[in-house]
Amino acid sequence: NLLVLFIGDPTTSQPDATGAPNTYEHVFTFGGDETVSSTGVKPFTVKIGVGVERDRQIVGCVMESLAIEAVKQEVVSCTCSIIGSGNESLVTASTPDWSAYTQPYLTFASASTMTIGGTDRLSTAPTIEAFRLTLTRGWDADHYVLGNRFLAAASLSGMATVEGSMDFSFTSQDEYERF
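Note that this is a predicted model, so its numbers are computed, not measured.

J.: Tell me about the overall build of the chain, and name the residues and values.
T.: The helix and strand tally for the chain stands at three helices and 10 strands. The 179 residues of the chain split such that 22% are buried. Long-range pairs, those at least 24 residues apart, make up 58% of the contacts in the chain with a sequence separation of at least 6. For the chain, the accessible area works out to roughly 12000 Å², and carbon and sulfur atoms hold 52% of it.

J.: Account for the side chain of Gln-57, with residues named and values stated.
T.: With respect to the helices and strands, Gln-57 occurs in strand 4 (residues 54-71). Relative accessible area serves as the criterion here: at 17%, Gln-57 is assigned to the buried category. With near-sequence residues (within four places) excluded, Gln-57 lies in contact with Thr-45, Val-46, Lys-47, Asn-87, Glu-88, Ser-89 and Val-91.

J.: Talk me through the environment of Thr-134; I want residue IDs and the actual numbers.
T.: Secondary-structure assignment places Thr-134 in strand 9 (residues 127-139). Judged by its relative accessible area of 26%, Thr-134 falls in the partly exposed class. In this structure, the C-alpha to C-alpha distance between Thr-134 and Cys-80, residues 54 residues apart in sequence, is 9.8 Å.

J.: Describe the pairing of strand 4, and please don't skip the residues or the numbers.
T.: The pairing of strand 3 (residues 44-49) with strand 4 spans five bridges and is antiparallel. Residue pairing across strands places Phe-44 opposite Cys-61, the latter belonging to strand 4. The turn joining strand 3 and strand 4, which pair antiparallel and follow one another in sequence, is formed by four residues; a positive phi near 80° is taken by Gly-51. Relative to strand 5 (residues 77-83), strand 4 runs antiparallel, the two being bridged by seven bridges. Of the residues in strand 5, the one forming a bridge with Leu-66 is Cys-80. Where strand 4 hands over to strand 5, the hairpin turn is made up of five residues, of which Gln-73 adopts a positive phi near 70°. Here strand 4 pairs with strand 9 via seven bridges, running antiparallel. In the sheet register, Leu-66 faces strand 9, and the bridge partner there is Leu-135.

J.: Now, about the state of the cysteines: what can you tell me, with residues and values included?
T.: Enumeration over the complete set of coordinates arrives at zero disulfides. The closest cysteine sulfur to the non-disulfide-bonded Cys-80 is located on Cys-78, 4.2 Å from its own sulfur.

J.: Pulling in residues and values, what's your account of the packing of aromatic side chains?
T.: Tallied over the full model, the rule gives one aromatic pair. Pairing Phe-168 with Phe-170 gives two aromatic rings, centres 6.3 Å apart and planes at 40°, and the pair type is tilted. With a relative accessible area of 24%, Phe-168 lands in the partly exposed category.

J.: Can you lay out the pattern of salt bridges for me, pointing to particular residues and giving the numbers?
T.: Applying the stated criterion to the full structure yields four salt bridges. In this structure, Glu-69 engages Arg-132 in a salt bridge whose closest nitrogen and oxygen atoms are separated by 2.8 Å. Here the residue Glu-69 occupies a position in strand 4, and Arg-132 occupies one in strand 9, the gap between them amounting to 63 residues. Judged by its relative accessible area of 31%, Glu-69 is partly exposed. A residue is classified by how much of its surface remains accessible, and Arg-132, at 27% relative accessible area, is partly exposed.

Reading guide: rules and limits
- Numbers given for residues are sequential positions, taken from 1 along each chain in its written order.
- Reporting in this predicted model follows two pLDDT cut-offs: at least 70 for local features of residues, and 80 or more for side-chain atom pairs to be given and counted; totals over whole chains, interfaces and linings ignore these cut-offs and use all residues.
- Hydrogens and waters are ignored; side-chain quantities use all the structure's heavy atoms.
- Note on conventions: DSSP H or I runs of at least 4 residues are helices, E runs of at least 2 residues are strands, and numbering of each starts at the N terminus.
- Burial classification: accessible surface area is computed with a 1.4 Å probe over protein chains only, and a residue below 20% of its type maximum counts as buried, one above 50% as exposed, and the rest as partly exposed.
- We call two residues in contact whenever any of their non-hydrogen atoms come within 4.5 Å of each other.
- Values of accessible area rely on a 1.4 Å probe in the Shrake-Rupley scheme; residue burial ignores everything except the protein chains shown.
- At least two DSSP bridges between two strands are required for those strands to pair.
- What counts as a disulfide here is a pair of cysteine sulfur atoms lying within 2.5 Å.
- Here the aromatic set is Phe, Tyr and Trp, taking the six-membered ring for Trp, and pairing holds for ring centres within 6.5 Å; pairs whose planes are under 30 degrees apart are stacked, those over 60 apart are edge-to-face, and all others are tilted.
- Each salt bridge in this description consists of a side-chain nitrogen of Lys or Arg and a carboxyl oxygen of Asp or Glu lying within 4 Å of one another.

Below is the structure:
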């Protein structure tokens, strides 16, 4: 769901409908000559529980960046940076329903394959020890109009950026030099 809010709707296909009828491929397109309408980015509402009778609600939020880090033997972490419209109000407090979430966390071991250059680097040396990915959008964070103290509709003012890194574990010096 975070990728849909940040990047927009993916193109979905079913590569092997007869052999693997429950397997789907989702392709997210990120970057290029983007506009808010071409990306399919969905503004959303954030509710912040403050532990009393009322929650803070901010409408018209968009994600500025999304960072995912998967380190071997650790829980996968995700950090989101959000730009709010400033249109904030107090609403009746609510309790989130987490019953649909059967697995409380995702770990590095949850990944089945990670292919680089046609080789699965989770099972073939050199193996991946850590994976980090940061996606950032070029939002105009101070897009105001006269007569309104809240941000106007979200607008992109810069290019999207992608940053990433991987840590590999090599079993020999020869392997390291070949890679």
